[in-house]
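# Structure assessment
So the chains spell out like this:
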Amino acid sequence: MPKIIDAKVIVTCPGRNFVTLKIITDEGIYGLGDATLNGRELSVASYLTDHVIPCLIGRDAHRIEDIWQYLYKGAYWRRGPVTMTAIAAVDMALWDIKGKIAGLPVYQLLGGASREGVMVYGHANGTSIEDTVNVALEYQAQGYKAIRLQCGVPGMASTYGVSKDKYFYEPADADLPTENVWNTSKYLRVVPELFKAAREALGWDVHLLHDIHHRLTPIEAGRLGKDLEPYRPFWLEDATPAENQEAFRLIRQHTTAPLAVGEIFNSIWDAKDLIQNQLIDYIRATVVHAGGITHLRRIAALADLYQVRTGCHGATDLSPVCMAAALHFDLSVPNFGIQEYMRHTEETDAVFPHAYSFGNGMMHPGEAPGLGVDIDEELATKYEYKRAFLPVNRLEDGTMHSW
Ligand SMILES: O=C(O)C(=O)C[C@H](O)[C@H](O)CO
Ligand SMILES: [Mg+2]
């Protein structure tokens, strides 16, 4: 058996913070797992170093399911983003090791390819409708088959998804949380205009997506869904906070716009009612925050029974290690829908050399054994951790709102 003899946590900041777990076996084969929880990175680093790694030493690296259950049930304190991100990192690293030992890419261990490639969506954003549509046209010219549209709202200084850089969006932008101000009625007026302009410019052969980022009530989301229906959105994401999964029933009663939820979910229990009641169309839980490949497969299997498809989160705070794990999962799972792809900076790509590739709107994890991602540890040490928080959001009268 490949015995785990050592493990370490690598924290680096090549443009943004990443936490990576490296598990080493007695045969000298190692595996990598992403453990990045944006804005709360060091809590996972500590959970791994202080509470998980000591329990891994001496174990058989091949026993992925048993180690998953050991860390989940063994903690007694179940679920939660910190615990589940730490378990995910271990899980990814063990799949990486298994693949390297087998000499196969991880997707082959998951049952092989169910499709030729993974359809991804890119992010078009701009301060105005015109700017956003122009960026979307660039994406279309690059071959993207699906594009997410976000734009600035007149009368609001800033909003989710719009940054200074048209390709890279990093919301964790300050040493203490930035304060944004939100106005729902202004927002509800601008989004249908954005979609109208986008359809006129881009035509109908491209999927258009939008992220509401938990900001509407169910009835407001129903209104927006109705207004967007003529422009055939691929999905509306995170229409309302999902702690109360029942809330989505109200949205469903008012619109046929497909609904996507789940980037902040960390277990199957967060999604169970949404899936079983067919209140959503896409589940966005992702490898790093939802317990790794092992747990995400379980979520996908449940979703498949109810014709819910996958649409994994893939923002830049998910490291190339997670991106690779997501692509292996996406390629293999029967009920794949779409994968988010926000490209990383050159600095990040240099720290994490990888086998996955993009072409003509599709991605592929590549054929390297394991996950197909490495880490240049020497280069990683050059980029020191820099505390960075996600913003907070208030209504114009100062009331705290969801960001
Ligand atoms: O990519 C998305 O859909 C997001 O909503 C991005 C999140 O705000 C981001 O990953 C938070 O860390
Ligand atoms: Mg989102």
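Owing to the predicted nature of the structure, the values given are computational and were not obtained by experimental measurement.

### Examining the sheet that holds strand β6 (residues 179-182)
Read across the sheet, 3 strands follow the order β6-β15-β16 without closing on themselves; strand pairing throughout is mixed. This sheet does not close on itself; its edge strands, each paired only once, are β6 and β16 (400-401). As defined by bridge partners, strand β15 (residues 392-395) adjoins β16 across 2 bridges and the pair is classed as antiparallel. From the neighbouring strand, R394 faces β16, where its bridge partner is M400.

### So, the domain arrangement of the protein chain
One widely used convention gives an interface's size as the accessible area the parts lose upon coming together. Split by domain assignment, the protein chain resolves into domain 1 (4-105) and domain 2 (109-366). For domain 1 versus domain 2, the separation of C-alpha centres amounts to 26 Å. The interface of domain 1 with domain 2 comprises 30 residues on the first partner and 28 residues on the second. Those elements giving two or more residues to the side of domain 1 that touches domain 2 turn out to be β2 (18-25), β3 (30-34), α2 (64-74) and α3 (81-102). Broken down by class, the residue content of the side of domain 1 that touches domain 2 amounts to 14 nonpolar, 10 polar and 6 charged.

### A word on the pairing of strand β1 (residues 4-12)
Two strands pair when backbone bridges link them, and β1 and β2 are joined in this way by 8 bridges, in the antiparallel orientation. Directly across from I10, in β2, lies its bridge partner T20. Hairpin connection of β1 to β2: 5 residues between the antiparallel strands, including G15 at a positive phi of 100°.

### Let's talk about the site of ligand 1
The environment of ligand 1 is formed by N38, P171, D211, H213, E263, H313, A315, D317, E340 and L390. Of the residues contributing to the shell around ligand 1, the split by class is 3 nonpolar, 3 polar and 4 charged.

### Notes on the confidence of the model for the protein chain
Segments scoring low in pLDDT should not have their predicted coordinates read at a detailed level. Looking at the protein chain as a whole, the pLDDT averages 97, with 100% of positions reaching at least 70. Here β6 is the element of the protein chain with the lowest mean pLDDT, 96, and β3 is the one with the highest, 99. What the predictor reports for the complex is a pTM of 0.97 with an ipTM of 0.99.

About the cut-offs
Residues numbered from 1 in each chain as written. Chains lettered and ligands numbered in written order. Predicted model: local features only at pLDDT ≥ 70, side-chain atom pairs only at ≥ 80, totals over all residues. Pairing = 2+ DSSP bridges. Helix = DSSP H or I, 4+ residues; strand = E, 2+ residues; numbered from the N terminus. Domains from an automatic or database assignment. Contact = placed C-beta atoms within 7 Å. Nonpolar A, V, L, I, M, F, W, Y, C, P; charged D, E, K, R; others polar. Near = placed C-beta within 6 Å. pLDDT = per-residue confidence, 0-100.

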